[in-house]
Amino acid sequence: MRIAILAALTAALLPGAEKKLILHADDLGFTHAANLASIEMLEKGHVSSASVMMPCPWAAEAAAWARQHTDKDLGVHITLTSEWKTLRWGPLAPRDKVPGLLDPDGYLWAGVKDVATRATPREVEIEVRAQIELAKKLGIRFTHLDTHMGTLYARPDYFEVFAKLGQEYGVPILRIKPSEDLRRDAPLPVIEYLLNNEERFRKEGWFRLDSLLPDPTLGTPDPAQRKARYHQALRNLKPGVHMLILHPAVLADETRAATGTAVQRDLDYRIFSDPETVKLIRDLGIQLVGWKDVAGAGK
């Protein structure tokens, strides 16, 4: 307890020592179960940000809530893949404009590699723009753009589209300081592109996260292990602005039928709604922030 109090005092007294965390709920709009969990967590302040998958079947429900809660921090979760076997979605753009994004069944491809080897940057831009425009049409005042399954990090020319549209719509994109974790996860050409353009992005005033925390749970469905690993990641958080992505959803037949991760998603919801976790974040002096807090107002 004494250590936690000292950590909080240090963060308060030394601005450079502040630990700011965007605690983010991914996949709003994916299912009703995901919406139930994420909306509750946003309303209670258990997460500080979320983003909506516009091509997904429950995006309209998420948008209806967003119109009534314009103070909440919501992004557009740019979705260029459809990875599940029994719950599929297609592009929002006219299909004849984005043939490289379509699998043989007419859905978006299941994997990032499938997209990266078939879709042109022009097709990607058309679809990304369609998703952003639908978010605007449905009244979502989005604060940022991020990328489902990291697809916009798959190729340098995709990332250029990402950066271009972020600039055009006046919101930050999910941009991360090059790190060992990013080097492990992103293709080498993208890493080289980010390093070569680091100074340009800085001069243009683009916000950049100090880190996107890797999933500390290793996908475990064991409640005690998952909670312990999340708590350890919070204790290990360094000063700076970081992002931790959760995938909360209440446990439901819908999620069980659609995914192999229903239990893990329910645990994300329960662990970060647990008063013990809420208290730990407070005791560690971690400030939960949204994109508009650290990178400007949303649109």
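See above for the structure.
No experiment lies behind these values; they were computed from the predicted model shown.

Caption draft 1: Main features of the overall build of the protein. Within the protein one finds 14 helices and 7 strands. Relative to the globule expectation of 19 Å for 299 residues, the C-alpha radius of gyration of the protein, 19 Å, shows essentially globular dimensions. Projected onto its principal axes, the C-alpha positions of the protein cover 60 × 50 × 35 Å. Residues classed as buried in the protein amount to 53% of the 299 residues present. Considering only contacts within the protein whose residues lie at least 6 apart along the sequence, 75% involve residues at least 24 apart. Only carbon and sulfur atoms are counted for the fraction: they give 55% of the accessible area of the protein, which is about 13400 Å². In the protein, 39 positive and 39 negative side-chain charges are present, and the distance between their average locations comes to 3 Å.

Caption draft 2: Structural context of the side chain of Asp26. With respect to the element layout, Asp26 can be found in strand 1 (residues 19–28). This buried residue, Asp26, is left without a salt bridge; Arg265 holds the nearest opposite charge, at 7.9 Å. Side-chain polar atoms of Asp26 contact the side chain of His24, separated by 3.1 Å. Not counting residues within four places of it along the chain, the set of residues in contact with Asp26 comprises Ser38, Ser51, His77, Ile245, Leu246, His247 and Pro248.

Caption draft 3: Looking closely at the nonpolar core. Counting residues in each nonpolar core, the largest one holds 90 residues, and the members touching the most others are Ile140, Phe142 and Phe272. Among the elements that make up this core, the one with the highest residue count is helix 6 (residues 156–169) (7 residues).

Caption draft 4: Quick look at the packing of helix 6 against helix 8 (residues 188–196). The contact between helix 6 and helix 8 brings their axes to 9 Å, and the two run at 45 degrees. Relative to helix 8, helix 6 is oriented oblique. Touching Pro156, Phe159 and Glu160 of helix 6 are Pro189, Val190, Tyr193 and Leu194, all from helix 8. Each residue belonging to the contact of helix 6 with helix 8 can be placed in one class, and the counts come to 6 nonpolar, no polar and 1 charged.

Caption draft 5: Highlighting helix 6. Taking 1.5 Å of rise per residue, the 14 residues of helix 6 would be expected to cover 20 Å, and the 20 Å separating its terminal C-alpha atoms lies within 8% of that figure. Within helix 6 the residues assigned to the buried category are Tyr158, Phe159, Val161, Phe162, Ala163, Leu165, Gly166 and Tyr169. Where helix 6 is buried, its residues touch helix 4 (112–116), helix 5 (121–137), strand 4 (145–147), helix 8 and helix 9 (198–203). In the segment just after helix 6, Gly170 is the residue with positive phi, at about 75 degrees.

Caption draft 6: Quick peek at the pairing of strand 1. Summarising burial for strand 1: 9 of the 10 residues are buried, a large majority. Relative to strand 6 (residues 240–246), strand 1 is paired through 7 bridges, and the arrangement is parallel. Bridge pairing in strand 6 links Lys19 to Gly240. Pairing analysis gives 3 bridges linking strand 1 to strand 2 (residues 49–52), with the strands arranged parallel. Bridge pairing in strand 2 links His24 to Ser49.

Rules used in this analysis
Within every chain, residues take consecutive numbers counted from 1 along the sequence as written. A pLDDT threshold of at least 70 governs which residues receive local features in this predicted model, and a stricter bar of 80 or more applies before side-chain atom pairs are shown or counted, although totals over entire chains, interfaces and linings include all residues. Only hydrogens and water are set aside when side-chain values are computed; all heavy atoms of the structure are taken into account. Put simply, DSSP H or I for four residues or longer makes a helix, DSSP E for two residues or longer makes a strand, and each gets a number counted from the N terminus. Note on method: radius of gyration uses C-alpha positions; expected globular size equals 2.2 Å times residues raised to 0.38. The classification of residues rests on relative accessible area computed with a 1.4 Å probe and restricted to protein chains. Under 20% of the type maximum is buried, over 50% is exposed, and intermediate values are partly exposed. Only heavy atoms matter for contacts: two residues are in contact if any of them lie within 4.5 Å across the pair. To be clear on the numbers: accessible area is Shrake-Rupley with a 1.4 Å probe, and residue cover counts the displayed protein chains and nothing else. Charge counting follows a simple rule: Lys and Arg are positive, Asp and Glu are negative, and His as well as the terminal groups are ignored. For charged residues, the charge sits on one atom: NZ in Lys, CZ in Arg, CG in Asp, CD in Glu. Each salt bridge in this description consists of a side-chain nitrogen of Lys or Arg and a carboxyl oxygen of Asp or Glu lying within 4 Å of one another. Between N or O atoms, a polar contact is any pair within 3.5 Å; within protein, one atom must be a potential hydrogen donor and the other a potential acceptor, and residues adjacent in sequence are included only when both atoms are from side chains. Here, nonpolar core refers to any group of buried Ala, Val, Leu, Ile, Met, Phe, Trp, Tyr and Cys residues whose side-chain atoms link them within 4.5 Å. To define axes, lines are fitted to C-alpha atoms, for helices over the stretch in contact only, and angles between the resulting N-to-C directions are given on a 0 to 180 degree scale. The labels follow the angle: roughly parallel below 35 degrees, roughly antiparallel above 145, roughly perpendicular from 65 to 115, and oblique for the rest. Three categories are distinguished: nonpolar for Ala, Val, Leu, Ile, Met, Phe, Trp, Tyr, Cys and Pro, charged for Asp, Glu, Lys and Arg, and polar for the others, with Gly belonging to the last. To estimate the expected span of a helix, subtract one from its residue number and multiply by 1.5 Å. Strand pairing requires that DSSP identify at least two bridges connecting the strands.

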